[in-house]
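A closer look at the structure
The primary structure of each chain is shown beneath.
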Amino acid sequence: MKWTKKKNLLFLSILVILFVMLLVFVKLGAMTEFDNAVYGLFTKSEWLTSVMKFITYFGGSLTLIFLSVCLLVVLKDKKMALSIVANLCFIATLNATLKLVVRRPRPMGIMLIDETGFSFPSGHSATAFAFYGLLIYLIYKNCRDKKLKIVSTLFFSVLILAIGGSRIYLGVHFASDVLGGFLFASIYLVLFIWVCHRYKFLE
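**What to know about the pattern of salt bridges**
Summed over the entire model, instances satisfying the criterion amount to three salt bridges. When the shortest N-O distance is used, the salt bridge between arginine 104 and aspartate 35 registers 3.0 Å. Of the two residues, arginine 104 sits in the loop between α5 (78–102) and α6 (123–142) while aspartate 35 sits in helix α2 (residues 32–39), which places them 69 residues apart along the sequence. Taken as a pair, arginine 104 and aspartate 35 share a single burial class, namely buried. Aspartate 177 serves as the salt-bridge partner of arginine 104, at 2.7 Å between the closest nitrogen and oxygen.

As structure tokens, this is what we get:
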């Protein structure tokens, strides 16, 4: 199926509507049952906690900054490399700003790691979605190897979901925070890619 401007706009509009609805539900306190139900799906164990602590680092600022710098050095296409760095800076700033606007407290009494600040939307989930999502897009658009496209898409997609799941498991975010992070980042990423193409940062 070929995507047209109308289809892109419709897709973006649906994402915005879903995010606004979720935000309203969060502010009204209507997501408690959903959050508790998702949190209850996780069975805690010592080894799984270690795994989740490891996974969550891949959505952390230090890891993503390190990866961005590496790509900036390695990639020959410097416009593409700069778009990756700019992408990380923009999503981190926008997500932090949105957190200050919403001001949702983090879960109480269930944190397995120390975290500060507000909860909605999940910063790890949003930045991971935007960062690895852009990598998926760039590989899909520029790589001719179909197997590599499939493998990289599956790998980064699973990693994004795993990072979101780790935030719920570790008790530092509600499930609706993670969902909000994914929705917010998806809206942002569509617009970011459009702007990059519009001003020829991405060909």
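The structure having been displayed, the exposition proceeds.
**Some remarks on the environment of phenylalanine 192**
With respect to the helices and strands, phenylalanine 192 occurs in helix α8 (residues 175–198). Linking phenylalanine 192 and phenylalanine 90, residues 102 residues apart in sequence, is a C-alpha distance of 9.1 Å. Those residues in contact with phenylalanine 192 that lie beyond four places of it in its chain are Ser83, Ala86, Asn87, Phe90 and Leu134.

Cut-offs and rules
- Residues numbered from 1 in each chain as written.
- Predicted model: local features only at pLDDT ≥ 70, side-chain atom pairs only at ≥ 80, totals over all residues.
- Heavy atoms only, no water.
- Salt bridge = Lys/Arg side-chain N within 4 Å of Asp/Glu carboxyl O.
- Helix = DSSP H or I, 4+ residues; strand = E, 2+ residues; numbered from the N terminus.
- Buried < 20%, exposed > 50% of the residue type's maximum accessible area, 1.4 Å probe, protein only.
- Contact = heavy atoms within 4.5 Å.

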